[in-house]
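# Report on the structure
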Amino acid sequence: MFKTIHRVECSPALAACQQLIRTFSLWLCNPATTPASLTQPGLQPPVLPSAIEADWLWTFLQRVDAGRQLLDLARELAAMPNTEKAALTSWVQSVSDLAAQFKPAPAAWPIDCPLAIGANWSAFRTVIEAFYEKGFRSGLPYLPNGTPVAAGGVTYADFVRAFRSAHSRSNAPHARQVCILCSGPLGDTPHVDHWVTKSAFPLLSVCQDNLTVICSTCNEAPNKGDKPVHSAGNFSNWFHPYLRPAHGTLQLVYDAHAVAVRCSSVEVADHPKAANLNKLLDLDARWTRELKAEYEKHQEILRRREAWRVSNAQVGHTLTELNAYIQQWADDLLPSEPYHEVHATLAQAVLEPSRMEAWLEELAIVQ
Ligand SMILES: [Zn+2]
């Protein structure tokens, strides 16, 4: 979160799908909608905005998830009692307006399951998550700019490719890629993350404000996993990748005594947000591990060089030489490399005169 996180070229397609999911959900909750309403002609405009979206949805509903056809599950939802329909309508309207949570005086965010009957919630969750698990994988009915299209629409793979390309820190074709949350390596198996967990908020399964591509370490338990990114429905002390970015305020603070690094913020008002981000992703511990590893790597390099000199009957390192080594290392740090911020914090700390002396004492190789 040190750098700006961008919506990508195909984000409008995700926004259009989010709107489709919202429209379909609210239509299912309309008291006038019955199981018999769920036919291919029944989905046509004005129920959905275009015939392309209606036909895509009809085909999508023929798919099977865990032995149940999505169409059957949708018909169960259309058959819900009106009290359940009213509760789900209100929930859909609140959750659809995620962006309002990052504006002044937001309405209450629903944290409890909106439906009294467990089977209804299970059916809703299965149908809506399938938009992500199945629909997005094979292709949404939209071009990247959100225009409906009958074939060749944006896929999960398209989104991952666009996101990775938009957030690459280097133009070099084989450059290491960096995770937008932790600044570590993105790795060979990055994950698409739902910032607000889709298990509790399936309505945000395909939402341009809710999807990013992050490293597997950030995404998996015991780090982010299914943890909430709000405090009991209150988002005020939380960053958000797009809606309340940490860029410009997030910073690393070096603790010389502990040889550790801490996730903090430039702005005092953002300290609780940095603390929550740290708790979510265990950043202090992960960044400190990297800091120590880098520190030890350079000590090892210097010890090996010293040993080589001794074995070749050469004069050992001078303080000036070691100083020059550290300065060169600091100057050579590339902003495009993983953990650049951690390495730069370490280099800056070691170059402090008092810290430099302590570091060289630890090495115990100076002539
Ligand atoms: Zn990460």
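Residues numbered from 1 in each chain as written. Predicted model: local features only at pLDDT ≥ 70, side-chain atom pairs only at ≥ 80, totals over all residues.

### Topic: the overall build of the chain
Within the chain one finds 12 helices and 6 strands. For the chain, the C-alpha radius of gyration of 26 Å lies well beyond 21 Å, the compact-globule estimate for 367 residues. Projected onto its principal axes, the C-alpha coordinates of the chain cover approximately 90 × 40 × 35 Å. Restricting the contact set of the chain to residue pairs at least 6 apart, pairs at least 24 apart contribute 68%. (Helix = DSSP H or I, 4+ residues; strand = E, 2+ residues; numbered from the N terminus. Rg over C-alpha atoms; globule rule 2.2 N^0.38 Å. Contact = placed C-beta atoms within 7 Å.)

### Let's talk about helix H4 (residues 82-96)
For H4, built from 15 residues, the straight-helix expectation of 21 Å at 1.5 Å per residue is met to within 8% by its first-to-last C-alpha distance of 21 Å. Within H4 the residues assigned to the buried category are Lys85, Leu88, Trp91, Val92 and Val95. When H4 is viewed along its axis, its buried side chains cluster within an angular range of 130 degrees and face the same direction. Opposite the packed face of H4, turned more than 90 degrees from it, sit the exposed residues Asn82 and Thr83. Looking at the packing, one finds that the buried side of H4 touches helix H1 (11-28) and helix H5 (118-138). (Expected span 1.5 Å × (residues − 1). Buried ≥ 20, exposed ≤ 12 C-beta atoms within 10 Å, placed from the backbone. Arc of directions from axis to C-beta.)

### Quick word on the packing of helix H3 (residues 70-78) against H5
Running from N to C, H3 and H5 point in directions that differ by 135 degrees, and their axes come no closer than 9 Å. The pairing of H3 with H5 is recorded here as oblique in orientation. The way H3 lies across H5 gives a crossing that is left-handed. Along the contact surface, H3 presents Leu70, Leu73, Ala74, Glu76 and Leu77, while H5 presents Asn120, Ala123, Phe124, Thr126, Val127 and Ala130. Of the residues in the contact of H3 with H5, the class split is 8 nonpolar, 2 polar and 1 charged. (Axes fitted to C-alpha atoms, helices over the stretch in contact; angles between N-to-C directions. Parallel < 35°, antiparallel > 145°, perpendicular 65-115°, else oblique. Left-handed = near helix turned anticlockwise from the far one by under 90°. Nonpolar A, V, L, I, M, F, W, Y, C, P; charged D, E, K, R; others polar.)

### Observations regarding the nonpolar core
Ranked by internal contacts, the top residues of the largest apolar core, which has 84 residues, are Cys17, Val127 and Cys179. Taken together, domain 1 (11-214) and domain 2 (248-367) each give at least three residues to this core, which thus spans both. Contact partners of Cys179, with chain neighbours within four places excluded, come to Gly184, Pro185, Leu186, Ile214, Cys215 and Cys218. (Core = buried A, V, L, I, M, F, W, Y, C linked by C-beta atoms within 7 Å. Domains from an automatic or database assignment.)

### Brief notes about the domain arrangement of the chain
Considered domain by domain, the chain is made up of domain 1 (11-214) and domain 2 (248-367). Just the C-alpha atoms count here: the centres of domain 1 and domain 2 sit 43 Å apart. Contact with domain 1, which involves 10 residues of that partner, is made by 10 residues of domain 2. Among the residues forming the side of domain 1 that touches domain 2, the class breakdown is 5 nonpolar, 3 polar and 2 charged.

### Comments concerning the pairing of strand E5 (residues 250-255)
Of the two faces of E5, only one is covered, namely that formed by Leu250, Leu252 and Tyr254; the face formed by Gln251, Val253 and Asp255 stays uncovered. Where E5 lies against strand E6 (residues 260-265), 6 bridges are found, and the strand directions are antiparallel. Across the sheet, residue Leu250 finds its bridge partner in E6, namely Ser265. Turn length for the E5-E6 hairpin, with the two strands adjacent in sequence and antiparallel, is 4 residues, and the turn residue Val259 shows positive phi of about 45 degrees. (Pairing = 2+ DSSP bridges.)

### Focus: the environment of Cys182
Topologically, Cys182 is positioned in the loop between helix H6 (156-166) and strand E3 (191-194). The class for Cys182 is buried, based on 27 C-beta atoms found within 10 Å. Sequence separation between Cys182 and His6 is 176 residues; the distance between their C-alpha atoms is 16 Å. Non-local contacts of Cys182, meaning those with residues more than four positions away in its chain, are made with Cys215, Cys218, Leu281, Leu283 and Arg286.

### Looking at the packing of helix H9 (residues 283-311) against helix H11 (residues 340-350)
Working note: a packed helix pair is described by the angle between its axes plus the distance between those axes. Interhelical geometry of H9 versus H11 gives an angle of 55 degrees and a closest axis separation of 9 Å. Of the possible angle classes, the one that applies to H9 and H11 is oblique. Considering only the axes of H9 and H11, their crossing is right-handed. Of the residues in H11, those touching H9 at Trp287, Glu290, Leu291, Glu294 and Tyr295 are Val342, His343 and Leu346. When the residues that make up the contact of H9 with H11 are grouped by side-chain class, the tally is 5 nonpolar, 1 polar and 2 charged.

### A word on unusual backbone geometry
Look at the link from Pro45 to Pro46: it is a cis peptide, with omega at 15 degrees. Position of Pro46 among the secondary structure elements: in the loop between H1 and helix H2 (51-61). Even without a glycine there, the phi angle at Val259 is positive, about 45 degrees. The backbone of Ala313 shows a phi angle near 55 degrees, a positive value even though the residue is not glycine. You can call Ala313 exposed: it has 6 C-beta atoms within 10 Å.

### Examining H3
Taken together, the buried positions of H3 are occupied by Leu70, Leu73, Ala74 and Leu77. Seen from one end, H3 has its buried residues packed into an arc of 100 degrees, which puts them on one side. Against H1, H2, strand E1 (64-65), strand E2 (68-69) and H5 lie the buried residues of H3.

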